[in-house]
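One-letter residues, chain by chain:
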Amino acid sequence: MLAEPRLKELQNWVASYSKEELIWINGYLSGLLAETKTTTAAKNTVAKKVTIAYGTETGNAQKLATTLAAQIKKTGLPAKLVSLEQYRLADFEKEEFFFAIISTHGEGEPPIAAKKFYEHIHQNGFKVPQIKYGVLALGDSSYPLFCKTGEEVDNQLQHLGGTRVVPLQKCDVDYESPAAEWFNAVLQQLQQKEAVATAPTVAPAIAKKPATKKIYTGTILTNINLTAQGSTKKTYHIEIAAEAVDYQPGDSIAIIPENDAAIVEEILFRTQTDGAQTVQWKNESAPLYSLLREKIGISYLTEKAVQQYATITQQTIAPQRADLLHLLRQYPLPAGTPLLDVLAQLNPIAPRIYNIATTPTAHADEVHIIALQDVFEVDGQQQTGLCTCYFESLQEGDAIRFFVQPNKRFRLPAADKDIIMIGPGTGIAPFRSFVAERDATGATGRNWLFFAETDFTTDFYYQTEWQAWFNTDVLTKISLAFDNHHTGITTIQDKIKEQAHTLFEWLQSGAFLYLCGQKDPMSKEVEAALLEVIAQAGNMSASDAQQYFEQLKNEGRYMKDVY
Amino acid sequence: MQLDNKPSPIEKIKTASDGLRGTLAESLQDEITGAVREPDHALIKFHGMYEQDDRDLREERAAKKLDKLYSFMIRLRIPGGLITADQWLAAHHIAGEYSTGVIKITTRQTIQLHGILKGQIKPTLKSFDKAKLDSIAACGDVNRNVACASFAPQMAAHEQVQAFADTISRLLLPKTRAYYEVWLDEEKIEEYDETDPLYQDRYLPRKFKIGIAIPPNNDVDVLTNDLGLIAIIEAGELKGFNLAVGGGLSTTYGNAATYARLATVIGFVSGEENILKAVYEVLTVQRDFGNRSDRKLARLKYTLDNMGIAAFKAELEKRCGFALEPIQPYVFEERQDVWGWQPDYKGRWHYTLFVENGRVTDTEQLPLKTALLEIAKTGKTNFRFTSNQNIIICDVAEADKPAIEALLQQFNITAQQQNLSGLRKNSMACVALPTCPLALAEAQRYLPELISKAEALLAKHELLQEEIVLRMTGCPNGCGRPYAAEIGFTGTAAGEYNLYIGGDRQGQRLNSLYREKLQEPAILEALDFLLGQYSQQRQPAESFGDFAIRQQWVSA
Ligand code: SRM
Ligand SMILES: Cc1cc2nc3c(=O)[nH]c(=O)nc-3n(C[C@H](O)[C@H](O)[C@H](O)COP(=O)(O)OP(=O)(O)OC[C@H]3O[C@@H](n4cnc5c(N)ncnc54)[C@H](O)[C@@H]3O)c2cc1C
Ligand SMILES: Cc1cc2nc3c(=O)[nH]c(=O)nc-3n(C[C@H](O)[C@H](O)[C@H](O)COP(=O)(O)O)c2cc1C
Ligand code: SF4
């Protein structure tokens, strides 16, 4: 459409902007191009300084923030779109209109990208009375602490003296329509001559009817350690029988782990508490023992919860996170303080997410996951993570509760498209699902897997299955890295670089690229390697390579699910 | 005899292999497996390697969706079993770095390392190459490691005989440079002519083994070889060799056409040129007349029996261009290694050390591997492996002997050696489980325990010092030469063995099947009875094997 020199000009111009800026410009341009009422609307509006800030982990908040910014643009206002990760905290006190779209992750925690901002606003010693704000909270009502972060941010901005001009909107997984309503409220506010504070007493709006997610109860069919003798790690492969689970390749399940019986027993014993008594905890009434096993989060309490414990027990405890049992051992409950007072302050057990390694097409009525035992040291003692410790206890025939965590941004492309799957470690899980699906449906696209682990002889997850797929040409290509691999290549980045030319060829011919596994440092190293590959094999400058990569993302041809 | 003359699949692999190169280069790059490609299985043998997997782990790994734990066993080519102290040091370190760490002395005087991963083959072979050691033709359808009498030379002629092992080994090496290109990454030499007049492109129909004995000691079990050379020495001078052809032990359960056979002495040859010519032409006769369709019937022993001895000899003489001389008289009086310190004719000392089943490793009771390392570090000795899986710390000067002796004492070797029963010292077991793919039962992991139990019986019957030759293998292939023992066990299934008795002590009469499929209690019961009878009724100096024949427990 554009003549070559002008296209080049545009490309250079595009390359000089950051990703965030481009997203903003994108919204700006679509606003300009939209309707003619743009200008009229602009005339009616008093110039205002508007910031749309988003905190995201998996991209939903970003997507919504971009849409909102574009809509504001249409009204002729210069809205600034910014990720909280890149937000200059010093700018905060100068904001006028500040709209935050933020999700909740972890155990009711802010997305990592929003952590600095979250901590900043929770510091004392400053006020922002000039700010007019609104918060859109993203969450998932299957989690016990639904939209916790959004709630906290909303509260805290008021606490800092800000004026809430749009009520807090909490969104469940179907966030589109409640978000649209909230956008309208924002636009209305901006079009008014004077901002009108919403009464703080007004109850925050909640997504109309949270479509409650189905909690499945499955039965353990198999629970084996995939690694062989001599391995430095333990990796659970868990097969769960569960009928008619509604999911697609690329989705995950969230598992609600149980606390270890021995720990619960020691807590009860130390505090001389009767586990058989029926008690009320949050909205539930049940025997204390089963609440402690199944509901109450007693491992790795937040700093805040630890301080609450310190207050209740009238002791001084340095800021830290710790297990409840650990606290009880080191700072015992004073006589007369009931355990229930402590428990009342605790959060529910947070579900843990695991990528599904099966597909309904090929593994009817079964869901498989792969989980790496999380081992760490606490005071010189080895300890395992809550959920992976729970996996250790699971036997054939045991029941397990889970719900599906869909991931719309991690989907197979059309059957004739090629895919490149990069999944070191447990990141291999969704790709077992992908390849099984493509095998079962006879998809014609080529399939290329990259995998890396520590030891070729002990840690090659699903080796015989990959071999079978490779030998039957379902898996077109497999590229491996292990500390002791016979090719001498030990890291996934090096393997990716070794394959630079072929990889680039695949991309050029339209392949879809997937990445799954550890976020840090793996996903960053892999992305750096991919950029190098593109630059080298595509004979491009670093910034052209970056742009090529962005293009892949925008086309939906680069998808990642990292944790 | 052979109705179906279709060449065995291995024949095709050999001729199509481009000088034993096959697809080895590609196999090494296959990322998804620790194994080599199917046809390369056969080819790596010619390079001294076997692909194996840990059979103990098969079931568990299958459940874990892991492929078999493939690794490679590398067997060196060490003619006559002689290496220097530096070479031992190299083997020690290479074993530690790339293999299970155990150095296994074989029944043919060489060593094997197990558990080498595909990616470690090259570094292993390159390290061995630096130490001037190789594994060329240690396995495969070629001449294998040449075995030779290992005892301390009592005259110059003995050393002359030992030197033949190396000469013959080199004479019969394949001409291809594949080993250097594939494993040592050496450049292809364009002007090098790989034409191989001996092996051509088809190699031999089957493995081929040569052993050299110096009577009256038959420590190499010379008659179990395809070609045995029996040195004839008169008045301290090497006259030449009697040629014995057609030895071989392997049988296959349920295949009546297979049998163990001792070699037949067919004549005498003298003069280095003629000796080498005769050896060479025995191989060409086997090359041209051997069975290439049924590998179970392809060894020289079957070729010989098919042709008939006279025809074989005539063909051989025709190819040699000279006639064999009449067989020279010789007598074998013993077959065992000569324990402890022995002087040689030059006044140097040789210490023969019993190594249980040839496994050199450190245990809590016996730090054997460390001891040998320290001894090698002195640089004052050579090392010679024996055909009984033992080791000789050899060529020690009189002046250095005390230092070596001190080390032997320090590491508890001397005391340990003195406390061994006669039966244990004369025992051998093959590798079998977990690495040998053909094993039906345990051998080297089980025999030490069985002998301990048998020792209780020996004590009861006052036979603890009796030097009875007992050998065990995990299958009927006979790698520990069980058929040439006074008491032989061959595994039939897990925990089950056939019992053979009646072999002579010198290795000139095979034993015969006495009982089938015995489990341990039945084995001990049988041994209790046999040894009890032997203890009470034997004649002075009568060996157990001879006694068994006299008792007609089995027929000779
Ligand atoms: C290491 C050794 C036994 C030991 O514990 O010392 C051995 C070990 C094996 N032998 Fe042997 N043989 C060994 C001496 C023998 C002997 C004894 C001898 O040569 O003095 C025999 C009987 C004599 C004979 O050849 O008739 C012997 C007859 C066999 C056979 C049967 C051959 C036949 O004619 O049918 C096989 C199987 C085959 O070749 O198909 C075999 C095959 C094997 C293999 C390579 C199994 C295989 O084919 O995959 C075993 C490797 C086990 C492992 O994990 O290490 N091995 N093998 C000996 C190595 C000798 C060397 O350094 O070259
Ligand atoms: C989208 C997504 C997909 C995922 N997919 C997979 C997958 O397919 N496979 C997989 O294995 N994992 C996956 N994970 C990770 C998984 O959800 C869990 O986080 C992981 O298994 C650890 O859970 P845990 O309960 O065993 O550990 P936790 O108990 O949650 O502990 C986690 C960490 O917290 C710290 N910690 C906990 N307790 C203490 C203490 N008392 N003192 C000090 N530090 C402590 C430690 O650093 C520990 O490593 C995924 C995560 C996400 C977000
Ligand atoms: C690991 C994980 C933990 C989560 N924890 C919570 C939670 O505690 N409370 C909640 O309301 N939502 C939780 N969610 C749901 C997300 O907030 C929800 O999917 C949201 O749409 C994500 O928005 P984002 O893509 O902008 O990060 C969690 C999601 C994941 C993947
Ligand atoms: S005798 Fe049988 S079991 Fe023993 S090493 Fe030889 S082939 Fe293996």
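Residues numbered from 1 in each chain as written. Chains lettered and ligands numbered in written order. Predicted model: local features only at pLDDT ≥ 70, side-chain atom pairs only at ≥ 80, totals over all residues. Heavy atoms only, no water.

Let's shift gears to the overall build of chain B. Counting its secondary structure elements, chain B contains 18 helices and 20 strands. Taken against the 2.2 N^0.38 rule, which gives 24 Å for 556 residues, the C-alpha radius of gyration of chain B at 23 Å falls within 12% of a compact globule. C-alpha extents for chain B along the principal axes are approximately 70 × 55 × 55 Å. Taking all 556 residues of chain B together, the buried fraction comes to 61%. Counting only contacts in chain B whose residues sit at least 6 apart along the sequence, the fraction spanning at least 24 positions is 68%. Looking at chain B as shown, the accessible area adds up to about 21100 Å², and 50% of this sits on carbon and sulfur atoms. (Helix = DSSP H or I, 4+ residues; strand = E, 2+ residues; numbered from the N terminus. Rg over C-alpha atoms; globule rule 2.2 N^0.38 Å. Buried < 20%, exposed > 50% of the residue type's maximum accessible area, 1.4 Å probe, protein only. Contact = heavy atoms within 4.5 Å. Areas by Shrake-Rupley, 256 points an atom, 1.4 Å probe, with all protein chains shown as cover.)

What follows covers the site of ligand 4. The local shell around ligand 4 consists of B:Cys430, B:Val431, B:Ala432, B:Cys436, B:Leu438, B:Ala439, B:Thr473, B:Gly474, B:Cys475, B:Asn477, B:Gly478 and B:Cys479. Residues that form the shell around ligand 4 fall into these classes: 8 nonpolar, 4 polar and no charged. (Near = heavy atom within 4 Å. Nonpolar A, V, L, I, M, F, W, Y, C, P; charged D, E, K, R; others polar.)

Attention now goes to the sheet that holds strand 13 (residues 359-360) of chain B. Residues and elements named next belong to chain B. Strand order in the open sheet formed by 5 strands is 1-2-5-4-13, with antiparallel pairing between adjacent strands. Looking at the sheet topology across the chains shown, the edges are occupied by strand 1 (49-53) and strand 13. Along the sheet face, helix 3 (residues 38-46) touches strand 1 and strand 2 (70-75) and points at about 130 degrees away from the line of strand 1. The strands touched by helix 6 (residues 121-130) within the sheet are strand 1, strand 2 and strand 5 (111-116), with strand 2 carrying the most contacts at an inclination of about 15 degrees. (Pairing = 2+ DSSP bridges. Axes fitted to C-alpha atoms, helices over the stretch in contact; angles between N-to-C directions.)

What follows is about the coordination of the iron atom of ligand 1. For the iron atom of ligand 1, the sole protein-derived donor is B:Cys479 (SG), lying 2.2 Å away. For B:Cys479, the location among the structural elements is in the loop between strand 17 (470-473) and strand 18 (487-493). (Donors = N, O, S within 2.8 Å, 3.2 Å for Na, K, Ca; no water.)

Glancing now at the confidence of the model for chain A. This prediction gives chain A a mean pLDDT of 91; 91% of its residues lie at or above 70. Taken together, the stretch residues 35-45 of chain A has pLDDT below 50 and engages in 13 contacts with residues farther than four places along the chain or on a different chain. (pLDDT = per-residue confidence, 0-100.)

Right, let's get into the environment of A:Gly423. Residue and element names in this part refer to chain A. With respect to the helices, strands and loops of the structure, Gly423 is situated in the loop between strand 17 (419-422) and helix 14 (429-441). With a relative accessible area of 0%, Gly423 lands in the buried category. Counting along the chain gives 95 residues from Gly423 to Gln518, while the straight-line C-alpha distance between them is 9.1 Å. In contact with Gly423, not counting residues within four places along its chain, are Ile428, Phe431, Phe450, Phe451 and Cys516.

Residues and elements named next belong to chain A. The local shell around ligand 3 holds 20 residues, among which Thr56, Thr58, Asn60, Thr104 and His105 are the closest. At 3.0 Å, a backbone N or O of Gly59 approaches an oxygen atom of ligand 3. Leu145 places a main-chain nitrogen or oxygen 2.9 Å from a nitrogen atom of ligand 3. Against a free-state accessible area of 640 Å², the protein chains account for coverage of 90% of ligand 3. Residues that form the shell around ligand 3 fall into these classes: 7 nonpolar, 11 polar and 2 charged. (Polar contact = N/O pair within 3.5 Å; in protein donor to acceptor, adjacent residues only side chain to side chain.)

This paragraph deals with the packing of aromatic side chains. Scanning the entire structure with this criterion turns up 51 aromatic pairs over all chains. With a centroid separation of 6.0 Å and 85 degrees between ring planes, the pair formed by A:Tyr87 and A:Phe117 is classed as edge-to-face. Linking A:Tyr87 in the loop between strand 2 (79-83) and strand 3 (97-103) with A:Phe117 in helix 5 (residues 115-121), this pair joins segments that are 30 residues apart in sequence. Exposure remark for A:Phe117: the relative accessible area of 0% places this residue in the buried category. Ring geometry for B:Trp341 versus B:Trp349: centroids 6.5 Å apart, planes at 85 degrees, classification edge-to-face. (Phe/Tyr/Trp six-rings, centres within 6.5 Å; stacked < 30°, edge-to-face > 60°.)

So, about unusual backbone geometry. Looking along the chain, the bond that leaves A:Asp520 and enters A:Pro521 is cis, with omega of -5 degrees. The topology assignment puts A:Pro521 in helix 18 (residues 519-537). Cis geometry marks the peptide bond from B:Pro215 to B:Pro216; its omega dihedral reads 10 degrees. Note on placement: B:Pro216 falls in the loop between strand 7 (210-213) and strand 8 (227-234). Despite not being glycine, A:Cys147 has its phi angle at roughly 55 degrees, a positive value. Its identity is not glycine, yet A:Ala244 carries a phi of approximately 50 degrees, on the positive side. Structurally, A:Ala244 can be placed in the loop between strand 8 (235-241) and strand 9 (252-255).

Residue and element names in this part refer to chain A. Running from amino to carboxyl end, helix 17 (residues 500-508) crosses helix 18 at an angle of 85 degrees, the nearest separation of the two axes being 9 Å. With respect to their mutual orientation, helix 17 and helix 18 come out roughly perpendicular. On helix 18, the residues touching Ala500, His501, Leu503, Phe504 and Leu507 of helix 17 are Leu530, Val533, Ile534, Gln536 and Ala537. (Parallel < 35°, antiparallel > 145°, perpendicular 65-115°, else oblique.)

Our next topic: the sheet that holds strand 12 (residues 352-355) of chain A. Residue and element names in this part refer to chain A. The 6 strands are arranged 12-9-16-7-8-13 in an open sheet whose pairing can be described as antiparallel. Edge positions in the sheet fall to strand 12 and strand 13 (366-372), since each of these pairs with one other strand and no more. Strand-to-strand twist of the sheet, defined as the mean angle between neighbouring strand axes without regard to direction, takes the value 40 degrees. Pairing geometry for strand 8 and strand 13, over 7 bridges, is antiparallel. Note that in strand 13 the partner of Glu239 across the bridge is His368. In the packing of helix 13 (residues 386-393) onto the sheet, the strands contacted are strand 7 (216-225), strand 8, strand 9, strand 12, strand 13 and strand 16 (399-405), and the crossing angle to strand 12 comes to about 65 degrees.

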